[in-house]
Amino acid sequence: MSLIPDDVIEQVREAADIVGIIGEHVELKRTGADFRAPCPFHGGTHRNFTVIPKKGMYYCFVCHEGGDVFTFFMKRLGMDYPTAVREVARRVGIAIPERGPTGPDPREPLYGAVAAAADWFARQLRESPEAQVARDYLASRRVELDVVLPLALGYAPRGKAFLDAMKGLGVRDEVLLEAGLLVKREDGTVLPRFRGRLLFPIHDLRARVVAFGGRILDAGEPKYLNSPDSPVFHKGKLLYNLHAAKHAMRKAERAILVEGYFDVLRLSLAGIEEVVAPLGTGLTSDQAQLLARHTPHVILLYDSDDAGLRATFRAGDELLRQGLRVSVATLPAGEDPDTLVQKRGAPGLEAILKDAVDPLERKIQILDHKAFFSSLPGRRRALDRLLPTIRAAKDPITRELYISRAAEAAGVRKDVLERETGNEKRETSRTPTSPVSRVPFPALPASAEKALVLLMLEGDAWRARVVEAVDAEELEFLPYRAVFEAVADDGVLALDDTSARAYEQLKEEGLSGRDPNEMYELAVSWMEARRLERQLEQLDDQLPFESPERQASLIAEKRRVFDELRKRYPRYKIAARRRGAPGT
Ligand SMILES: [Zn+2]
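Small disclaimer: the values here were computed from a predicted structure and weren't measured.

About the cut-offs
- Residues numbered from 1 in each chain as written.
- Predicted model: local features only at pLDDT ≥ 70, side-chain atom pairs only at ≥ 80, totals over all residues.
- Heavy atoms only, no water.
- Helix = DSSP H or I, 4+ residues; strand = E, 2+ residues; numbered from the N terminus.
- Buried < 20%, exposed > 50% of the residue type's maximum accessible area, 1.4 Å probe, protein only.
- Contact = heavy atoms within 4.5 Å.
- Areas by Shrake-Rupley, 256 points an atom, 1.4 Å probe, with all protein chains shown as cover.
- Lys, Arg positive; Asp, Glu negative; His and termini not counted.
- Charge placed at Lys NZ, Arg CZ, Asp CG, Glu CD.
- Pairing = 2+ DSSP bridges.
- Axes fitted to C-alpha atoms, helices over the stretch in contact; angles between N-to-C directions.
- pLDDT = per-residue confidence, 0-100.

Caption draft 1: Region of interest: the overall build of the protein chain. Secondary structure summary: the protein chain contains 25 helices and 15 strands in total. Expressed along its principal axes, the backbone C-alpha trace of the protein chain runs to roughly 100 × 55 × 50 Å. Looking at the protein chain as a whole, 51% of its 584 residues qualify as buried. The contacts in the protein chain between residues at least 6 apart in sequence include a share of 61% that link residues at least 24 apart. For the protein chain, the computed accessible surface area is about 27,900 Å², with 50% contributed by carbon and sulfur atoms. Once the 87 positive and 88 negative side-chain charges of the protein chain are each reduced to a mean point, those two points are 3 Å apart.

What follows is the structure in structure tokens.
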């Protein structure tokens, strides 16, 4: 037996036609999106056995057998896991690389023990009188038992029944200890880690149960208790529900990150399947990386209280560091995702997701709301809070947009902010010795380029005016140039991702009450000044290579351009002196 790489197993599972494969063993009838049949495991005659292609799983409501396409082969035909994977791979035509005999996975006994425990806990939730408290609790949160049974929720009773049950199944204490299901007391005796708790099984990417999250059902502490890390479970490297959500994430091109197990449960029951949660800790960089492997865009849907906001921004920064697109959705005060979906259903949640904004924008909204921008020291403190998010942005375009936006919000110059974020632009080869690109032109929204594009979005008349005054090639910031060109040619739909993002942000921002005529005048003369600047640079570049006579006429030309620049833009003089104005 050889180890098959995880990504290959994934590929096989995704390619597998679970309806076709199970349909070879039982006669499936479609009911809605799912299929029903008499159960092949307990041999019933009623259609209690269901295949859910959307989740790639099956479940029997009578004997409670359940699993994925691989488990079906294992349980139905007695195959071991690698053989089941190879059998499904053969059917879908995926070649499994042979890596020679590396022996069985030494963690196999752990997986077995956790799976046996999960089955037993699930049976307690269904049947045990003591679990009535858990069933009542689910009912109080308006979760139907029938709906959660296929998800293998369980109940851990208070006493030692778990120990006896595992002994009866031949699972050794040492293995249960290693899996974190038992704890050893000082006197050397063992007891179950989970007692009197509703259990949420935590799956790895292969959909194997590797740990549990347990919610207390009386007044005890802590409210939530997770399995400790073990050879099969590293809580910082796994996300709750990722095994089920990843297909939906790929399809929806987004992931929704929530805080709690119940939030995940509620959203996926409401048909929003691309939902995951960290495992009782803040989002780790490993988890952010894991998300980046499955989706380009993450929407953060945490509580709106102070603790929720702090967790939101910390998670947001982790995700930005992975180059992900991030949005922050804002729930009404006092609601969590679970309660909101209970009240307003999936459409209510979608409306909130639709209004999600970029994390930097959300920070600015909050700071603005708290009047940070109305005083000088306040602005400084506001910047200190914006800087981590700017620095976290790995994607250069996002970072550039962030710097512009933060500079604008806090009323500081963009170049100053660039220095603070270590994002100082390297001078292009065009101007190796000139500090011109950092000349402190004042008082435009974030840049003249942005102002021009904002104006173009104000309708046909403004678009015509801007196109008349400026060529697209004059815009240096590429996303703005792309938007400029697209708007000029009515080609907005053809924008690439980055430029589309810039477009959406600009569209949303609008003129924000600024006077368009004034903006236009400022922006156009700024562009004009830059044009003249370039002429001067070109003349500078040319000068050393010309004959003395030609040099004299170039210097005359330079003075003419310089005068025009000074006339049009008086403050240019200060900066120009530094780089050696003509005649000095
Ligand atoms: Zn059955």
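Caption draft 2: Representation of helix H10 (residues 242-252). Every buried residue of H10 is accounted for by Leu-242, His-243, Ala-245, Lys-246, Ala-248 and Met-249. Structurally, H10 contributes buried residues whose contacts are with helix H1 (6-15), strand S9 (197-203), strand S12 (255-257), strand S13 (275-276) and helix H12 (285-292).

Caption draft 3: The arrangement of the sheet that holds strand S2 (residues 34-37) in detail. Here 5 strands make up an open sheet; going across it, the order is S1-S2-S3-S4-S5 and the pairing antiparallel. Pairing within the sheet leaves two strands with one partner each, and these edge strands are strand S1 (29-31) and strand S5 (66-68). This sheet shows a mean twist of 25° between the axes of neighbouring strands, independent of strand direction. Inspection of the sheet shows strand S3 (residues 49-52) paired to strand S4 (residues 57-60) by 4 bridges, in the antiparallel sense. In the strand pairing of S4, Phe-49 is matched with Cys-60.

Caption draft 4: Broad picture of the confidence of the model for the protein chain. Confidence along the protein chain averages 85 in pLDDT terms, with 92% of residues attaining 70 or more. Mean pLDDT in the protein chain bottoms out at helix H25 (residues 572-578), which sits at 40, and peaks at S12, which reaches 98. Counting contacts from residues 425-446, a segment whose pLDDT is below 50, to residues more than four positions away or on other chains yields 40 contacts. Below pLDDT 50 for its whole length, residues 572-584 participates in 22 contacts with residues either more than four positions away or in separate chains.

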